[in-house]
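What the coordinates show
Here is how the chains run, residue by residue.
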Amino acid sequence: MKNFILGFTVLSTILMKSQTQIIAHRGYFQSQPLTTENSIQSLENAQKLKIYGAEFDVRMSKDGILVVNHDEHHEKMEISETDFKALEKVKLSNGEKLPTLEDYLKQGKKDSSVKLIVEIKPAKSDNLEKEMVQKVLKQVKDMKLDSQIEFISFSLHICKEIKKLASGFKVQYLNGELSPEQIMKEGLDGLDYHYEVFQKNPTWIAEANRLGLITNSWTVNDVTVFNQLKKQGIGFITTNIPNELKNQ
């Protein structure tokens, strides 16, 4: 009986690992009631779904404060050219204040089962990108969240800087022009590409899997596309409809 239970547990673990995992894109904001992307509420919604993870975007204000926001602008203010005191005066559309990275991580820490997928946005110079990476890593380490954090970026420089300073973190590249072999040569852990990139390069998922790389695709909001990628063996899907795809 003990051997049967052990075998079943091992089989269940293997099957779980082979399934395509779901990541909520900018949290789960297309909820009922609707909320705002990259808000604390959107993260809490994603946590309630009990999916693999929630993705969110990090930028830095002019005075060096890390904030969670996708666009370069918060309302009409360019984040990188505006001090945080001015930015925080304008609330999100759901009434929340503009979250700092610390705010977001505090909510994330409440449920350690949901990974926090941190997208560090490209900055205007290598020095600014280095500063951002250093500050993000310090915040993560100060809050003892190392095991819950994974990183993604469109900036190859940011990706490599993370691996240089903290090689233990998983880091995936977003831009889409590097093959799995090139990702491996750059010392990164995986490729997180728009689904059209994988459609144009139909062998890349299999190649990446053979190389032991992480495979992820954004932003998959169509069940047909999801199933196509799943059949190819993709490891993760980033989506605006995590509530629908988690049961596929």
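Residues numbered from 1 in each chain as written. Predicted model: local features only at pLDDT ≥ 70, side-chain atom pairs only at ≥ 80, totals over all residues. Heavy atoms only, no water.

As annotated in an unreviewed UniProt entry, the protein carries the name Glycerophosphodiester phosphodiesterase and is attributed to Chryseobacterium potabilaquae.

With respect to the overall build of the protein
Note the threshold: Segments assigned H or I by DSSP are reported as helices when at least four residues long, segments assigned E as strands when at least two residues long, and all are numbered from the N terminus. Note on contacts: a residue pair is in contact if any heavy atoms of the two residues lie within 4.5 Å. Computed with the Shrake-Rupley method and a 1.4 Å probe, the accessible areas treat only the protein chains shown as cover for residues. For the purpose of counting charges, residues Lys and Arg are taken to be positive, whereas Asp and Glu are taken to be negative. His and the chain ends are not included. A charge is said to be at NZ when it belongs to Lys, at CZ for Arg, at CG for Asp and at CD for Glu.
Tallying secondary structure elements over the protein gives 11 helices and 11 strands in all. In terms of overall dimensions, the protein has a C-alpha envelope of 60 × 40 × 35 Å along the principal axes. Considering only contacts within the protein whose residues lie at least 6 apart along the sequence, 57% involve residues at least 24 apart. For the protein, the accessible surface area stands at approximately 12,500 Å², while carbon and sulfur atoms represent 51% of it. Across the protein, 33 positive and 33 negative side-chain charges occur, with their mean positions spaced 6 Å apart.

Here we look at the layout of surface pockets
What counts here: The method works on a 1 Å grid over the protein atoms by themselves. A cavity is a set of points holding a 1.4 Å probe that cannot get out, a pocket is an open set with protein on both sides within 12 Å along at least five of seven lines, and residues with an atom within 4 Å of a point line them. Grid points are joined across faces, edges and corners, and a volume is the space filled by probe spheres set on the points. Residue type decides the class: Asp, Glu, Lys and Arg count as charged, Ala, Val, Leu, Ile, Met, Phe, Trp, Tyr, Cys and Pro as nonpolar, and the leftover types, Gly among them, as polar.
In this structure, the largest pocket encloses a volume near 280 Å³. Only strand E2 (53–60) and helix H5 (126–142) provide two or more residues apiece to the lining of the largest pocket. Here the residues of the lining of the largest pocket are counted per class, giving six nonpolar, two polar and seven charged. Empty space within the second largest pocket amounts to approximately 230 Å³. Around the second largest pocket, the lining is made up of 13 residues, and of these Gln-19, Thr-20, Gln-21, Ile-22 and Lys-246 lie nearest the centre. Listing elements by their share of the lining of the second largest pocket, those giving two or more residues are strand E1 (21–24) and helix H10 (223–231). A breakdown of the residues in the lining of the second largest pocket according to their chemical character gives six nonpolar, four polar and three charged.

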